[in-house]
Amino acid sequence: MSHVGVGPRAVMRSVAFLTAGALAVPALAACTSEEPKGKPLAGQDTAAAARARIADGATLRWAADSVPETLNAFQSDADATTTRIAQAVLPSMYRMDETGRPVRNPDYLESAEVVDTEPKQVVVYKLNQQAVWSDGREIGAADFAAQWRALSGKDSAYWTARNAGYDRIEKIERGGDDLEVKVTFSRPYADWKSLFTPLYPKDVMGTPDAFNDGARRELKTTAGPFAVKKVDTKEDEVVLTGNPRWWGEPAKLEQIVLRAVPREKRVSQLAAGKLDLAEIDPDTAEEVAVAAGPRDAGTGTPLMGPQDSPSASRQGRSAAQALRSWAIAKGSDEDDAEEETLALEEREEALAKRERRQRALSGFEVRKSLEPAYTQLALNGADGPLADERVRRAVARALDRGKLAKAVLKPLGLPAEPVGSHVALAGQPAYADGSGALGEQNAKEARALLADAGWVPGGPVKKRKEGEKAAGAEGDKDGDGKKSEDGDDDGTYIVGEDEKNEGGAKNEDAGTDQESGEKHSSGKNTAQGGAPGAYAPKGTAAPAAAEAPVAKDGKALTLRFVLPSGPGSDALRTVADRVSDMLEKIGVGTDITKVPDDSYFKDHIASGEYDLALYSWPASAFPATDARPIYAKPVPAADGSLNVAQNYTRVGTDQVDQLFDRAMGTLDEGEARDLLRKADSRIWAAAGSIPLYQRPQLIAARKNLANAGAFGFETPVYQDMGFLKKGANGSRPSATPSS
């Protein structure tokens, strides 16, 4: 599943919103700061255990998506594995707790507070007196100052991905003693807690050459419970080992090996004993869950059969099939008997292999929660039909977000609530459901919005000439991105021609079942005598008819819907199909195109080659800072191109920008929350990004692995991870929704 996020705290989240400047919204009141704080929809599932129950030593083999191109989290090609390594080996002043809030990290920071606001904001950090780099040098003001200069944006020789917050610092100096760092800001900055996490040593940040190249494949100086032993591109792994100069609680693990394993190969690596911890897709989670379930005392196989049915036979076939196979194998026809005997042997061999795999997987369990990220439907408003705000709102009002969330999350046993905010997730301080600014799902009102924009059902639709595009589409393509080759018919729906036969005359009986009188859009006779199962019994309710396609200026409204085609994208494709069905009910067509994963974001989302798309972005503890470049109104660049930052729908408003700027500049937390919620309401009203559901987080973990798994919001505590001592195994409650 496409999921974009880079940087030290998964900074970038996608929000697509379109202009609301001309839209009069009667009530955009956001929830106030007095509103009771909510809780995350799902709790952690990490098999939490006291350190005393965990054995010392051992190696944790943890699946990763990649061996990172860089270990510098502030470079543009940093990825999720870069972040994971930084969390384990570098200082962080603040970390995320289980509710998505920033909390002080006592291993590095004794205190941090705003000591002055006038004439300038001043923050004083008091560092842990034991905190030292792995070379023995104290962590201090020189490291803070070097990082500020590198990330301030004032020196273009530093190839930085972002400078948010650091560009507001005026100076950094030593405080009352070596343990104090005094930071003075040129402008007030609400999200000051986001800074210096991670903190790199001055020898990495001190010069452009060191910043650009010195920390890509190695980190000689670290200051976490672990250190980077090696980055092995041949073996596709990064090895972390315990830091002998670590002053905090000692790491329980001797090593952590981050091994790059493609998602589709992880179940095999788990079964082969080459992994202990891996994020997995729903199909793998089901296989692991079945293998981990109750087992037959004699055979050691799961009591639930391979088809997840107690009645399934040992070979996954019915009793009748097994009996027939036995009869053929024992019969008088030697050729048939020999063929069936060979088939039986192959099935037995396959079954034995499957049972060995299940036994190997029985040592794992699935730990699940909701990831701090949401999946959205993005609407590209740069041009075409979706440049009209009324069309975007019509598309949004056609969606039943609750049904879409249930389709993904309910089968996994996770809370299936649609996401109600663009700037926070349930449990975070800024969260409030702002979807009321858009309105509830209502097909009738959606059709009215389309009509107001000139898209009406039943209007004339011209047949497209060869090479001509439908409104909003690049051309008809099948599910594999290939153009249709079904004769001369290009597939364009011509209003008024659906009741004509090939000669052009109106066919009064077209689509009517001559015997039952039931109508069928195909016009084929599916009454008695037709293909078995091709017709429904009399009295069966007909499916809801699709709304007649809407058209404008002779063109039907068809939107390009681009999806990734790789493993792990099944949920996106399921959602896309349901979205297409919902849009069909208001007369809007979709042209679904599946593209390779490696080109999906770069060649389609980032370049704007789509109308509709599904992708996910992580939540942030600092939405005023991290959402700003995503929602920012695109501005023309000097060369005439459009600078979109991370706003890949290419539309924004001055009003939303101003609300974010005000939230970023106030030190009153309640005021900041209210401003963020107002910004969110206006983003909802613009209907460019439609949050759908929080992503599922499914982790396969060895049953005796503690303090690791589905972390939810919380930053992992790497020194507490480990394997339980012998005899320390015990049952634990599964993750349940928070009440």
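Refer to the structure above for everything that follows.
Analysis parameters
Residues numbered from 1 in each chain as written. Predicted model: local features only at pLDDT ≥ 70, side-chain atom pairs only at ≥ 80, totals over all residues. Heavy atoms only, no water. Axes fitted to C-alpha atoms, helices over the stretch in contact; angles between N-to-C directions. Helix = DSSP H or I, 4+ residues; strand = E, 2+ residues; numbered from the N terminus. Parallel < 35°, antiparallel > 145°, perpendicular 65-115°, else oblique. Left-handed = near helix turned anticlockwise from the far one by under 90°. Contact = heavy atoms within 4.5 Å. Nonpolar A, V, L, I, M, F, W, Y, C, P; charged D, E, K, R; others polar. Pairing = 2+ DSSP bridges. Buried < 20%, exposed > 50% of the residue type's maximum accessible area, 1.4 Å probe, protein only. Polar contact = N/O pair within 3.5 Å; in protein donor to acceptor, adjacent residues only side chain to side chain. Core = buried A, V, L, I, M, F, W, Y, C linked by side-chain atoms within 4.5 Å. Patch = residues over 30% accessible without salt bridge, like charges linked within 9 Å, V, L, I, M, F, W, Y side chains within 5 Å. Areas by Shrake-Rupley, 256 points an atom, 1.4 Å probe, with all protein chains shown as cover. Salt bridge = Lys/Arg side-chain N within 4 Å of Asp/Glu carboxyl O. Lys, Arg positive; Asp, Glu negative; His and termini not counted. Charge placed at Lys NZ, Arg CZ, Asp CG, Glu CD.

Chemist: Describe the packing of helix α10 (residues 401-409) against helix α12 (residues 570-584), and please don't skip the residues or the numbers.
Modeler: Between α10 and α12, the least distance of the axes is 10 Å, while the angle of their chain directions is 155°. Considered as vectors, α10 and α12 are oriented roughly antiparallel to each other. The chirality of how α10 crosses α12 is right-handed. Residue-level inspection shows Lys403, Leu404, Ala407 and Val408 of α10 in contact with α12, the latter providing Ala571, Val575, Arg578, Val579 and Met582. In terms of residue class, the contact of α10 with α12 is made up of seven nonpolar, no polar and two charged.

Chemist: Could you give an account of the sheet that holds strand β13 (residues 456-457), with specific residues and numbers?
Modeler: To summarise the sheet geometry, strands pair through backbone hydrogen bonds and adopt either a parallel or an antiparallel arrangement. Here we have three strands laid out as an open sheet, ordered β13-β14-β15, and antiparallel in their pairing. Strands with a single pairing partner mark the edges of an open sheet, and in this sheet they are β13 and β15 (555-556). Of the strand pairs in this sheet, β13 and strand β14 (residues 550-552) are connected by two bridges, and their pairing is antiparallel. Pairing of Val456 across the sheet is with Ala551, part of β14.

Chemist: Lay out helix α1 (residues 80-89) with the relevant residues and their values.
Modeler: The element α1 is largely enclosed, with a buried count of seven among its ten residues. All of the buried residues in α1 are Thr81, Thr82, Thr83, Ile85, Ala86, Ala88 and Val89. In the core, the buried residues of α1 are packed alongside β1 (59-64), β8 (226-232), β9 (237-242) and β10 (255-260). Where α1 begins, the capping side chain belongs to Asp79, and its oxygen is found 3.1 Å from the backbone nitrogen of Thr81.

Chemist: Describe the side chain of Asn243, naming the residues involved and giving the relevant values.
Modeler: Position of Asn243 relative to the elements: it lies in the loop between β9 and β10. Judged by relative accessible area, Asn243 falls into the buried class, the value being 8%. Of the polar contacts made by the side chain of Asn243, one reaches the backbone oxygen of Gly224; its length is 2.9 Å. Setting aside residues up to four positions removed in sequence, Asn243 forms contacts with Ser134, Ala223, Gly224, Pro225, Phe226 and Ala227.

Chemist: So what about the nonpolar core? Which residues, and what values?
Modeler: Ranked by internal contacts, the top residues of the largest apolar core, which has 95 residues, are Met93, Tyr125, Phe196 and Leu240. In terms of residue count, helix α2 (residues 141-151) provides more of this core than any other element does, seven residues in total. Ignoring sequence-local partners within four residues, the contact set of Phe196 consists of Pro91, Ser92, Met93, Tyr125, Phe144, Gln147, Tyr166, Ile169, Ile172 and Val183. Ranked by size, the runner-up nonpolar core spans 61 residues in total, among them Ala396, Val588, Ala685 and Ala687.

Chemist: Got a sec to walk through a positive patch on the surface? Specific residues and values, please.
Modeler: The grouping of Lys403, Lys406, Lys410, Arg578 and Lys585 at the surface amounts to a positive patch. Relative to the elements of secondary structure, Lys585 occurs in the loop between α12 and β17 (589-595). The class for Lys585 is partly exposed, based on a relative accessible area of 48%.

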